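# Observations on chain architecture
This is what each chain is made of:
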Amino acid sequence: MGRSLVVIGNWKMHKTIGQARDFIHGLSKKISSTSIQVGLAVPFTALSAVSEASSKKFLIGVQNISQFSEGAYTGEISTTMVKDAGGTFSLIGHSERRRLYHEDPHMLCQKVHHCLSEGIKVVLCIGETEEEHFLGNTEIVLKAQLQQGLKGVRIEDMPQIVIAYEPVWAIGTGRSATADEAQRAHSFCRSVIAHAYDKATAERVSIIYGGSVTVKNIQELIQQPDIDGALVGGASLDVESFATIVNFLADVNL
Ligand code: PGA
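Below is a short write-up of the structure. (Residues numbered from 1 in each chain as written. Predicted model: local features only at pLDDT ≥ 70, side-chain atom pairs only at ≥ 80, totals over all residues. Heavy atoms only, no water.)

## Quick notes on helix H7 (residues 138-149)
Relative to the 16 Å expected for 12 residues at 1.5 Å per residue, H7 spans 16 Å between its end C-alpha atoms, a close match to the ideal helical length. Along H7, the residues classified as buried are Thr 138, Val 141, Leu 142, Gln 145, Leu 146 and Gly 149. Buried residues of H7, viewed axially, fall in a sector of 125°; they line one side. Elements in contact with the buried residues of H7: helix H4 (95-100), helix H5 (105-118), strand S5 (121-126), helix H6 (130-134), strand S6 (161-165) and helix H8 (179-196). (Helix = DSSP H or I, 4+ residues; strand = E, 2+ residues; numbered from the N terminus. Expected span 1.5 Å × (residues − 1). Buried < 20%, exposed > 50% of the residue type's maximum accessible area, 1.4 Å probe, protein only. Arc of directions from axis to C-beta. Contact = heavy atoms within 4.5 Å.)

## Examining the pattern of salt bridges
Taken as a whole and assessed by the stated rule, the structure comprises 13 salt bridges. Residue Glu 103 pairs with Arg 97 through a salt bridge whose shortest N-O separation is 3.0 Å. The exposure class assigned to Glu 103 is buried, which follows from its relative accessible area of 7%. Between Arg 190 and Asp 226 there is a salt bridge, and its shortest N-O distance comes to 2.6 Å. With Arg 190 in helix H8 and Asp 226 in the loop between helix H10 (218-221) and strand S8 (229-232), the pair connects residues that are 36 residues apart, well separated along the chain. This pair shows no difference in class: Arg 190 is buried, exactly as Asp 226 is. In this structure, a network of salt bridges that share partners links the residues Arg 3, Arg 190, Glu 203, Asp 226 and Asp 228. (Salt bridge = Lys/Arg side-chain N within 4 Å of Asp/Glu carboxyl O.)

## Overview of the site of the ligand
Surrounding the ligand, one finds 14 residues, the nearest of these being Lys 12, His 94, Glu 166, Gly 172 and Ser 212. Between the ligand and Gly 172, the relevant distance is 2.6 Å, taken from an oxygen atom to a main-chain nitrogen or oxygen of the residue. For the ligand, an oxygen atom lies 2.7 Å from a polar atom in the backbone of Ser 212. Here the ligand has 280 Å² of accessible area as a free molecule, and 95% of this is covered by the chains. Tallied by class, the residues present in the shell around the ligand amount to five nonpolar, seven polar and two charged. (Near = heavy atom within 4 Å. Polar contact = N/O pair within 3.5 Å; in protein donor to acceptor, adjacent residues only side chain to side chain. Areas by Shrake-Rupley, 256 points an atom, 1.4 Å probe, with all protein chains shown as cover. Nonpolar A, V, L, I, M, F, W, Y, C, P; charged D, E, K, R; others polar.)

## Section: the state of the cysteines
Considering all chains together, one arrives at zero disulfides under this definition. As a non-bridged cysteine, Cys 109 has Cys 115 as the owner of its nearest cysteine sulfur, 11 Å distant. Residue Cys 109 is classed as buried on the basis of its relative accessible area, which comes to 11%. (Disulfide = S-S within 2.5 Å.)

## Observations regarding unusual backbone geometry
With the exception of glycine, most residues fall at negative phi, and the peptide bonds are largely trans. The residue Lys 12 is not glycine, and still its phi comes out positive at about 55°. Summarising the element assignment, Lys 12 is placed in the loop between strand S1 (6-10) and helix H1 (17-30). Of the residues examined, Lys 12 reaches a relative accessible area of 22% and is grouped as partly exposed. Positive phi outside glycine occurs at Lys 56, with the angle close to 70°. Looking at the secondary structure, you find Lys 56 in the loop between helix H2 (44-54) and strand S3 (59-62).

## Some thoughts on the sheet that holds S8
Hydrogen bonds between backbone groups are what pair the strands of a sheet, and the pairing can be parallel or antiparallel. Read around the closed barrel, the eight strands follow the order S1-S2-S3-S4-S5-S6-S7-S8; overall the barrel is parallel. Neighbour-to-neighbour, the strand axes of this sheet turn through a mean angle of 25°, independent of strand direction. Here five bridges tie S1 to strand S2 (residues 37-42), and the two strands are oriented parallel to one another. Along S2, the bridge assignment pairs Val 7 with Val 38. (Pairing = 2+ DSSP bridges. Axes fitted to C-alpha atoms, helices over the stretch in contact; angles between N-to-C directions.)

## Things to note about the packing of H7 against H8
When two helices pack together, their arrangement is given by the angle between the helix axes and by the axis-to-axis distance. Contact geometry for H7 and H8: axes closest at 10 Å, N-to-C directions at 40°. In terms of orientation, H7 lies oblique with respect to H8. Judged by the sense of rotation from one axis to the other, the crossing of H7 with H8 is right-handed. Across the interface between the two elements, Glu 139, Leu 142, Lys 143 and Leu 146 from H7 touch Ala 185, Phe 188, Cys 189 and Val 192 from H8. Of the residues contributing to the contact of H7 with H8, the split by class is six nonpolar, no polar and two charged. (Parallel < 35°, antiparallel > 145°, perpendicular 65-115°, else oblique. Left-handed = near helix turned anticlockwise from the far one by under 90°.)

What follows is the structure, encoded as structure tokens:
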């Protein structure tokens, strides 16, 4: 049994409730198989409508979440609120959150732990910047982000975690990593997890690639042994292109 393939759309700050609902109805019609895990990380405002419309066919989650249970945290959304609105997972540590909102490693690790204790699955996003890439520091950065994000996470909680490798220079730029580059990074991440836990745990964790994934480049990316799916930004906004990616991965999985 291989690892399960996972494809998640990250809508970022796009789609009204109506647009989100229409997307889910369209996607349901276009998807031929559910042999893989299909998720959507949606804006908070659309969460409830999307989870109702998807009626458990897709995993519905959010792009960010508070590390606290409740209280005086203006502008934040808790795990309880997310669950109440039908969400089951959260992206944590997306590079836009790290860079634009200064989410630091300690905070991200708190979010991971809080989600795990509250039964919210985690998609932990990691990736090097362009400068780190050119300086040859990719592995140093990935190792640090994995160690910081997973610090104190118990081996029995690892099945609740998906790792998303997203080179920052590839996000929203149309410049995806090559399949070889991505494979090297994924294989390295798996070795870091094997070292921190054990080989079996590392073999079971799904590591998905993100950064300018399209209908075209997914075909080569998914042939790589350590790439277990995709986190799709821009191409997940259009139902046609997202459905094509999902259906392609479902066919590969057969
Ligand atoms: P992109 O975004 O596919 O538009 O590059 C990916 C992401 O930010 O998760």
